[in-house]
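Okay, here's what each chain looks like letter by letter:
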Amino acid sequence: MPDTPVASSQESEPVPAGIVAGLKSFTAAHSGATAVIEYVGRRGARIVLVGEDGAWGDQLAPATDVARAACKEAGVPVENGWERELTENMHGGPGLWESMGRTALTR
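Residues numbered from 1 in each chain as written. Predicted model: local features only at pLDDT ≥ 70, side-chain atom pairs only at ≥ 80, totals over all residues. Heavy atoms only, no water.

A.B. asks: Break down the sheet that holds strand S2 (residues 45-51) for me, citing the residues and quoting the values.
C.D. replies: Spatial strand order, S3-S2-S1-S4: four strands in an open sheet with mixed pairing. Here the strands that pair on one side only, and so sit at the sheet edges, are strand S3 (56-61) and strand S4 (78-79). In the sheet, strand S1 (residues 33-39) pairs with S4 via two bridges, with the strands oriented parallel. Its bridge partner lying in S4, valine 36 is registered against glutamate 79. Across the sheet, helix H1 (residues 17-29) touches S1, S2 and S3, and the angle it forms with S3 is around 170°. Packing of helix H2 (residues 64-74) onto the sheet brings it into contact with S1, S2, S3 and S4, and relative to S1 it is tilted by some 170°. (Pairing = 2+ DSSP bridges. Helix = DSSP H or I, 4+ residues; strand = E, 2+ residues; numbered from the N terminus. Contact = heavy atoms within 4.5 Å. Axes fitted to C-alpha atoms, helices over the stretch in contact; angles between N-to-C directions.)

Written out as C-alpha cells, the structure reads:
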C-alpha cells in the first residue's frame, strides 16, 4: 500500500499576509520592535509590539501559533512575557488611557 499524506490535527492556520505586513510596517516605523503574545480566548491572540522608540501597538491573530508564525515571518523577536526592561521602554501619548478604556468598553 503506497504512503499517503496524512493531515495532522495540529496543523496551524495559514498566516494572514495583512498581519505580517502590519508587523513589518510597525517595526520599520519604530526602528525595530519586540513582541509579546497574549492569549485572548476564542478571539485568538493579541500581538503587542513595543518599538525601539517606546511606541507600542497591537494586532489580533486567530491563534497563538499563528501569531508566533507571523512574528517569525516578519522578523520580530517574541518575549515570553512582560520583562521589566520591555515595560520600562513603553510610553504612550496624551490620550492613551482614554483610548484604552474606550477600546475595552467596546469589545
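A.B. asks: I'd love a proper account of H1, names of residues and values included.
C.D. replies: Taking 1.5 Å per residue as the helical rise, H1 with its 13 residues ought to reach 18 Å, and the 18 Å between its terminal C-alpha atoms agrees with that figure. Taken together, the buried positions of H1 are Ile19, Val20, Leu23, Phe26 and Thr27. Along the axis of H1, the buried positions cluster into a sector of 130°, meaning they face one direction only. Opposite its buried face, H1 presents the exposed residues Ala17, Gly18, Ala28 and Ala29, each directed more than 90 degrees away. Structurally, H1 contributes buried residues whose contacts are with S1, S2, S3 and H2. (Expected span 1.5 Å × (residues − 1). Buried < 20%, exposed > 50% of the residue type's maximum accessible area, 1.4 Å probe, protein only. Arc of directions from axis to C-beta.)

A.B. asks: If you had to explain the pairing of S1 to someone new, which residues and values would you point to?
C.D. replies: Burial analysis of S1 places five of its seven residues in the buried class, the great majority of the element. Alignment of S1 against S2, held across seven bridges, turns out to be antiparallel. Its bridge partner being in S2, glutamate 38 is matched across the sheet by arginine 46.

A.B. asks: Got a sec to walk through the pairing of S3? Specific residues and values, please.
C.D. replies: Relative to S3, S2 runs antiparallel, the two being bridged by six bridges. Note on S3: the bridge partner recorded for arginine 46 is leucine 60. Between S2 and the antiparallel strand that follows it, S3, lie four residues; glycine 54 among them carries a positive phi value of about 95°.

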